[in-house]
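# Structural description and commentary
Okay, here's what each chain looks like letter by letter:
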Protein chains: 2
Amino acid sequence: MLSSACQYGLRAMIYLAQQPGDAYLPVRRISSTLDVSHPFLAKILQQLVVKDLLVSLRGPSGGVKLARASTDIRLNDIVLAIDGQKVFDSCVLGLPGCGHRRPCPMHEAWGELRSNFCSMLEETTLAAFAERTEVGGFRLTPM
Amino acid sequence: MLSSACQYGLRAMIYLAQQPGDAYLPVRRISSTLDVSHPFLAKILQQLVVKDLLVSLRGPSGGVKLARASTDIRLNDIVLAIDGQKVFDSCVLGLPGCGHRRPCPMHEAWGELRSNFCSMLEETTLAAFAERTEVGGFRLTPM
DNA sequence: TATATTGAGGACAAGAGAGTCTTAATTCAA
DNA sequence: TTGAATTAAGACTCTCTTGTCCTCAATATA
């Protein structure tokens, strides 16, 4: 459903939203906390910088931080920035051009499930999600 | 969500369920109707033969046909045979071991959507699906 | 029995996604 | 001003899925 890159991106963004203060956080710190490859995560976060979801600073005490308040970033923004629109309009049977006008047999049932998923991503802010993560004691890391 | 192989397999099985009579249907016929590569589809259908969802016969007037009544095959059987169990217990954030005991932040919301999807696959028989496909005028082919 | 037709099976090629590595550019701090 | 820390950028490798190709085995039919 979501690519690995997108999964890493989401986890990193949630982690960043949990940080107090306004300091830059080195990517290396994030990657070691989440236990993912540093160069790979760096490349992913770079995409989020380009899409204006993160800002970055080079040099000592540099790193990345959220470009705006976590209450103003939705999970959907992150997924779109990394995986693009295709997640949202793919057909379960892989038929090109499947849609309301020429549906495949699964279109209706799948469409409903998918739109529920999309709604969740669109409605949930990063702030809400980070808080739920902390309060619920949920984890972002494999270990 | 589903691999291309699985998508092709589902489309082929629906197409087979729509055939009247009990004759073997050559894979070549199926592949050209669905407009997918013949060798690739052959390999996929072979898996379904091994899993006893199809029976095959070589030689002239050979081909494949459903191993049992389409009322006795569920979409779930096909997905399991091709993509395996991993479709059903994957974590949205890709965390290994994510589950009730150690959930990731998305576990609950995603779990519900996924279990709806699974229920649909488990409850829908190939017969019901093929009929809906014909009655609704839905399509299996790209063109 | 001869032959054309079909699936079975394996080796191979192409593509995408995942992940690594190296070098350059930037910036803080001593 | 020098050096260390850090992101930026691109080339590269690996692996898995997708897809192709060729040969072999089976079998219905003439």
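Described in the following lines is the structure provided in the data block. (Residues numbered from 1 in each chain as written. Chains lettered and ligands numbered in written order. Predicted model: local features only at pLDDT ≥ 70, side-chain atom pairs only at ≥ 80, totals over all residues. Heavy atoms only, no water.)

Let us look at the environment of T33(A). Residues and elements named next belong to chain A. Here T33 is to be found in helix α2 (residues 27-34). Residue class for T33 comes out partly exposed when judged on its relative accessible area of 32%. Between the C-alpha atom of T33 and that of I44, which follows or precedes it by 11 residues, the distance is 16 Å. Filtering out sequence-adjacent residues up to four positions away, T33 remains in contact with Y15 and T141. For T33, the side chain forms a polar contact with the side chain of Y15, separated by 3.5 Å. (Helix = DSSP H or I, 4+ residues; strand = E, 2+ residues; numbered from the N terminus. Buried < 20%, exposed > 50% of the residue type's maximum accessible area, 1.4 Å probe, protein only. Contact = heavy atoms within 4.5 Å. Polar contact = N/O pair within 3.5 Å; in protein donor to acceptor, adjacent residues only side chain to side chain.)

Here we take up the protein's contact with DNA strand C. If you check the shell around DNA strand C, you find 23 residues, and the closest are S37(A), K43(A), P60(A), V27(B) and S56(B). Sugar and phosphate atoms represent 65% of those atoms of DNA strand C found within 4 Å of the protein. The backbone of S4(A) places a nitrogen or oxygen atom 2.9 Å from a phosphate oxygen of DNA strand C. Here a base nitrogen of DNA strand C sits 2.9 Å away from a polar atom, N or O, in the side chain of R58(B). Counting only elements with at least two residues in the surface near DNA strand C, the list comes to α1 (4-18) and α3 (38-50) of chain A together with α3 (38-50) and β1 (54-57) of chain B. Per-element tally for the surface near DNA strand C: the top contributor is α3(A), with 3 residues. (Near = heavy atom within 4 Å.)

The subject of this paragraph is the packing of aromatic side chains. The tally for this structure, following the rule as stated, stands at 4 aromatic pairs over all chains. Centre to centre, the rings of Y8(B) and F40(B) are 5.8 Å apart; their planes meet at 85°, and the pair counts as edge-to-face. With Y8(B) in helix α1 (residues 4-18) and F40(B) in helix α3, this residue pair connects regions lying 32 residues apart in the sequence. Here the guanidinium or amino end of K65(A) rests over the ring plane of Y24(A), the centre of that ring lying 4.6 Å away. (Phe/Tyr/Trp six-rings, centres within 6.5 Å; stacked < 30°, edge-to-face > 60°. Lys NZ or Arg CZ within 6 Å of the ring centre and 35° of its normal.)

Attention shifts here to the protein's contact with DNA strand D. As a structural note, the neighbourhood of DNA strand D is formed by 23 residues, with V27(A), S56(A), S4(B), S37(B) and F40(B) the closest of them. Between V27(A) and DNA strand D, the recorded distance is 2.5 Å, taken from a backbone N or O atom to a phosphate oxygen. Interatomic distance of 2.4 Å between a side-chain N/O atom of S37(B) and a phosphate oxygen of DNA strand D. The set of elements that each furnish at least two residues to the surface near DNA strand D consists of α3 and β1 (54-57) of chain A together with α1 and α3 of chain B. A breakdown of the residues in the surface near DNA strand D according to their chemical character gives 10 nonpolar, 9 polar and 4 charged. (Nonpolar A, V, L, I, M, F, W, Y, C, P; charged D, E, K, R; others polar.)

Time to look at the pairing of β1(A). Residue and element names in this part refer to chain A. Here 4 bridges tie β1 to strand β2 (residues 63-66), and the two strands are oriented antiparallel to one another. By the bridge assignment for β2, S56 is matched with V64. Hairpin remark: β1 followed by β2, antiparallel, with 5 residues in the connecting loop; positive phi at G59, about 85°. (Pairing = 2+ DSSP bridges.)

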